[in-house]
Amino acid sequence: MAMSAAASQSFLLNNTSKSTHPTPLTLKSPTHPSTFPTTPLTSTYKSISITCSSAATTTTTPTTLQASTSSDRVFNFAAGPATLPENVLKKAQADLVNWRGSGMSVMEMSHRGKEFLSIIQKAESDLRTLLSIPEEYAVLFLQGGATTQFAAIPLNICTPNDAVDYVVTGSWGDKAYKEAVKYCKPNVIWSGKSEKYTKIPNFDTLEQNPDARYLHICANETIHGVEFKNYPTPIGEKTVLVADMSSNFCSKPVDVSKFGIIYAGAQKNVGPSGVTIVIIKKDLIGNAQGSTPVMLDYKIHAENNSLYNTPPCYGIYMCGLVFEDLLEQGGLGEVEKKNKKKAEILYEAIDSSNGFYRCPVEKSVRSLMNVPFTLAKPELEGEFVKTAAGEEMVQLKGHRSVGGMRASIYNAMPLAGVEKLVAFMKEFQVKHA
């Protein structure tokens, strides 16, 4: 997230009147009492003397810490890690050093202690509420990103000889297929590569294998801006639908019961990087191939409630705060309304520009999350990105594999950010048309 060095520093600690203590701070130890002389905060570096019973040492530490405010923050259109709700960040900031009177930061807690157990249990409960996840599904908080699930899924629910079907609508679907080749017998039953990944197929035309173990889709292609508005139904009696929902997870209501597995990296819509969420039907757990690494075995993680080893504790905590925020907004139905409004404004600006801006994606499947666009004059794209950054709108450069621009407008992107981008686009067009 782009901000000044001072602002990023001030996110962690606030300089308030409480920072100046009228009396020395004393660290009490049974055998080694230590006293810190008090020094008022100034705008320079101060030498602070730390006296211990055995020796005195001197350390230099910066003492200027300014509170971050909304005016310090840019509109961050990054595809991931992406912008987080400012109220969530402030809540985390307030509890950073001492979480709810525990005397510890979440970063310091034992993952098996009662404090963190309450955090991860509430995060799961709130996620279940948001998505109306049925009881017969397990929720796992894992690591390794969605990319690790490209291998974990076939390893857990396939034998090496099982057939599986892949619908490839962009780069991530293609990567998932290529990884599955190592562990089962995948078949691409449709690919949009020849049309530069700008469409989603008519489901009736898909030539599915009735014996396929699963049918895999990427629900929203982050790079190409293609999003499924509804989902195909597997024709096989034992075939389950598997979806990578990394970049539109919790952006709208989803009928979880239609899927065998939903998986998502958190760093786009629900938290910082480092957390991967897997929602899996419980009857799919427990059939991993013998060669499956222990850290990829869903059974191990389900039996241990995502605590087999040390999980990404702080990331899970942040996800929990985001889930709380989404519930406070009224749930995913209300969130989807806001996302549709933002996307409508941006796409309208592109489509009404008389070709100055162009979005290559077929209108019926345009993503509400990731909006790719190009300029009629490609030589202006660099100036567009640079000038926008100067106006505090950052990370608008398109993915290196496709070029152009891309505005990622996830849940946490406020309407004001999209409105400012649209106003800038219109001004840029007037200047360069």
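Each remark here, short or long, concerns the structure printed above.
Scope of this entry: the structure provided in the associated data block. (Residues numbered from 1 in each chain as written. Predicted model: local features only at pLDDT ≥ 70, side-chain atom pairs only at ≥ 80, totals over all residues. Heavy atoms only, no water.)

**Looking at the sheet that holds strand β14 (residues 276-281)**
Inference 1: Spatially, the seven strands line up as an open sheet ordered β6-β14-β13-β12-β9-β7-β8, and their pairing is mixed. Two strands in the sheet have a free side with no partner beyond their single neighbour: β6 (137-142) and β8 (185-191). Across the sheet, the axes of successive neighbouring strands diverge by a mean angle of 15°, strand direction being ignored.
Inference 2: The pairing of strand β12 (residues 240-244) with strand β13 (residues 261-265) spans three bridges and is parallel. When the sheet's bridge partners are listed, Ala243 is paired in β13 with Ile262.
Inference 3: Strands β6 and β14 of the sheet are contacted by helix α3 (residues 114-131), whose axis makes an angle of about 130° with β6. (Pairing = 2+ DSSP bridges. Helix = DSSP H or I, 4+ residues; strand = E, 2+ residues; numbered from the N terminus. Axes fitted to C-alpha atoms, helices over the stretch in contact; angles between N-to-C directions. Contact = heavy atoms within 4.5 Å.)

**A word on the nonpolar core**
Inference 1: Of all hydrophobic cores here, the largest spans 90 residues; its most connected members are Leu131, Phe249, Ile279, Phe323, Leu346 and Phe384.
Inference 2: Here this core takes nine residues from helix α7 (residues 313-328), the largest share from any one element.
Inference 3: Not counting residues up to four positions away in its chain, the partners in contact with Leu131 are Phe249, Cys250, Lys252, Val254, Val256, Ile279 and Leu332.
Inference 4: Within the second largest apolar cluster, 29 residues are counted, among which are Leu155, Cys158, Val168 and Tyr263. (Core = buried A, V, L, I, M, F, W, Y, C linked by side-chain atoms within 4.5 Å. Buried < 20%, exposed > 50% of the residue type's maximum accessible area, 1.4 Å probe, protein only.)

**Thoughts on the pattern of salt bridges**
Inference 1: Per the counting criterion, the structure on display carries 16 salt bridges.
Inference 2: Residue Lys337 is joined to Glu334 by a salt bridge in which the shortest nitrogen-to-oxygen separation is 3.1 Å. Note that Lys337 and Glu334 are positioned in helix α8 (residues 332-351) at a spacing of three residues, about one turn of the helix.
Inference 3: Here the salt bridges share partners, and the residues they tie into one network are Lys91, Lys122, Asp126 and Glu324. (Salt bridge = Lys/Arg side-chain N within 4 Å of Asp/Glu carboxyl O.)

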